[in-house]
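Per-entry structural report
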Amino acid sequence: AQSVTQLGSHVSVSEGALVLLRCNYSSSVPPYLFWYVQYPNQGLQLLLKYTSAATLVKGINGFEAEFKKSETSFHLTKPSAHMSDAAEYFCAVSALIYNQGGKLIFGQGTELSVKP
Amino acid sequence: GAVVSQHPSWVICKSGTSVKIECRSLDFQATTMFWYRQFPKQSLMLMATSNEGSKATYEQGVEKDKFLINHASLTLSTLTVTSAHPEDSSFYICSAREGGQSNQPQHFGDGTRLSIL
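Residues numbered from 1 in each chain as written. Chains lettered and ligands numbered in written order. Predicted model: local features only at pLDDT ≥ 70, side-chain atom pairs only at ≥ 80, totals over all residues. Heavy atoms only, no water.

Our next topic: the overall build of chain A. The helix and strand tally for chain A stands at 0 helices and 11 strands. For chain A, the α and β elements follow one another from N to C terminus as β-β-β-β-β-β-β-β-β-β-β. Here the C-alpha radius of gyration of chain A, 14 Å, is about what a compact globule of 116 residues would show, namely 13 Å. If one aligns the C-alpha atoms of chain A with their principal axes, the spans along those axes are about 45 × 30 × 20 Å. Split into buried and exposed, the 116 residues of chain A put 42% on the buried side. Counting only contacts in chain A whose residues sit at least 6 apart along the sequence, the fraction spanning at least 24 positions is 57%. Here chain A contributes 8 positive and 7 negative side-chain charges, whose respective centroids are spaced 7 Å apart. (Helix = DSSP H or I, 4+ residues; strand = E, 2+ residues; numbered from the N terminus. Rg over C-alpha atoms; globule rule 2.2 N^0.38 Å. Buried < 20%, exposed > 50% of the residue type's maximum accessible area, 1.4 Å probe, protein only. Contact = heavy atoms within 4.5 Å. Lys, Arg positive; Asp, Glu negative; His and termini not counted. Charge placed at Lys NZ, Arg CZ, Asp CG, Glu CD.)

And the structure:
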């Protein structure tokens, strides 16, 4: 079975500071991993995805994530936080189980707050 | 690209009525669509997976007769909440995937806030 754990339900940073949101996965096969962002009362927007190509993945809005197989991690980072980055962030792994339709398994989410 | 439109964005209705929510992929053909439910301050809970032209696959614990899903075309899926009651009030979100491969991302609609009085 595959699973995702996001460490820290809430992260607070100052504007201009480094953003680090943690995600660890469990998978018996090479995973496909995604980061999504959700603003209040909206759906999810894809930030970036890892699909077994380059281990350092660059996404939109200056975010990037590094796939580390040895640590089973896929942490999301951004060098300098902006007020507009305040949102809920979800890490997800795509189920590779036969007949599961490639459904996403989400972490519990991390709420990012950015202080001025 | 990869835009998913969900309608309505907000609906309030009386207990006992049925509510239909539409999910459309605007610029791609969605082989697979997914329906989620989200409670406040929680993650997304997958309700069902639908493939165009076939019956939806429901997750354990989701009532098939309560939440009717139709995926009649490659650009449209609908979720009908039948005989809605206050406990069905929630935020419902759909997503669509262009192909059948697990490495392809899901693209999400903006959600529907359902309030049952």
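The next subject is the side chain of B:Q38. Along the polypeptide, B:Q38 turns up in strand β4 (residues 32-38). When residues no more than four places from it in sequence are discounted, the contact partners of B:Q38 are A:Q38, A:F90, B:S43, B:L44, B:S90, B:F91 and B:I93.

Space inside the largest pocket adds up to approximately 380 Å³. Taken together, 17 residues make up the lining of the largest pocket; nearest its centre are A:Q38, A:P40, A:N41, A:E88 and B:K41. At the level of secondary structure, the elements contributing two or more residues to the lining of the largest pocket comprise β9 (87-94) and β11 (110-115) of chain A. For the lining of the largest pocket, the leading source of residues is β9(A), giving 3 residues. In terms of residue class, the lining of the largest pocket is made up of 9 nonpolar, 4 polar and 4 charged. (1 Å grid on protein atoms, 1.4 Å probe; cavity = no way out; pocket = protein on both sides within 12 Å on 5 of 7 lines; lining within 4 Å. Points joined across faces, edges and corners; volume = space filled by probe spheres on them. Nonpolar A, V, L, I, M, F, W, Y, C, P; charged D, E, K, R; others polar.)

Attention shifts here to the interface of chain B and chain A. Tallying the contact residues gives 22 residues for chain B and 23 residues for chain A. Counting the contacts that link chain B with chain A gives 2 salt bridges. Salt-bridge contacts for B:E59 lead to A:K103; the nearest nitrogen and oxygen are separated by 2.9 Å. The interface formed by chain B and chain A includes 6 residue pairs in polar contact (both at pLDDT 80 or more). Mapped by element, the contributors of at least two residues to the side of chain B that touches chain A are β4, β5 (44-51) and β9 (90-97) of chain B. (Salt bridge = Lys/Arg side-chain N within 4 Å of Asp/Glu carboxyl O. Polar contact = N/O pair within 3.5 Å; in protein donor to acceptor, adjacent residues only side chain to side chain.)

Let us now look at the pairing of β5(B). Residue and element names in this part refer to chain B. Summarising burial for β5: 6 of the 8 residues are buried, a large majority. Here 7 bridges tie β4 to β5, and the two strands are oriented antiparallel to one another. Paired with W35 across the strands is A48, a residue of β5. The turn linking β4 back onto β5 is made up of 5 residues, and K41 within it adopts a positive phi angle of 60°. Count of turn residues in the β5/strand β6 (residues 57-58) antiparallel hairpin: 5 residues, of which G53 carries a positive phi of about 80°. (Pairing = 2+ DSSP bridges.)

Residue and element names in this part refer to chain A. Spatial ordering of the open sheet is given by β1-β3-β8-β7-β6, a layout of 5 strands whose pairing is antiparallel. Unpaired on one side and paired on the other, β1 (3-7) and β6 (56-58) mark the two borders of the sheet. Going from strand to strand, the sheet's axes swing by 20° on average, the running direction of each strand aside. The sheet contact formed by strand β7 (residues 64-68) and strand β8 (residues 73-78) spans 5 bridges and is antiparallel. When the bridges of β8 are listed, E66 appears paired with H75. (Axes fitted to C-alpha atoms, helices over the stretch in contact; angles between N-to-C directions.)

Let us now look at the sheet that holds strand β8 (residues 76-81) of chain B. Residues and elements named next belong to chain B. Across the sheet, which stays open at both edges, the 4 strands sit in the order β1-β3-β8-β7 with antiparallel pairing between neighbours. Of all the strands in the sheet, the pair left with one neighbour each is β1 (4-7) and β7 (67-73). Between one strand axis and the next, the sheet turns by 15° as a mean value, whatever way the strands run. Sheet topology places strand β3 (residues 19-25) next to β8; 6 bridges connect them, and they run antiparallel. Paired with E22 across the strands is T78, a residue of β8.

Let us look at the environment of A:E64. Residues and elements named next belong to chain A. Structurally, E64 can be placed in strand β7. The class for E64 is partly exposed, based on a relative accessible area of 23%. Measuring from C-alpha to C-alpha, the distance between E64 and L76 comes to 5.8 Å, with 12 residues separating the pair along the chain. Filtering out sequence-adjacent residues up to four positions away, E64 remains in contact with L48, L56, V57, K58, G59, H75, L76 and T77.

What is shown is where atoms sit, not what they do.
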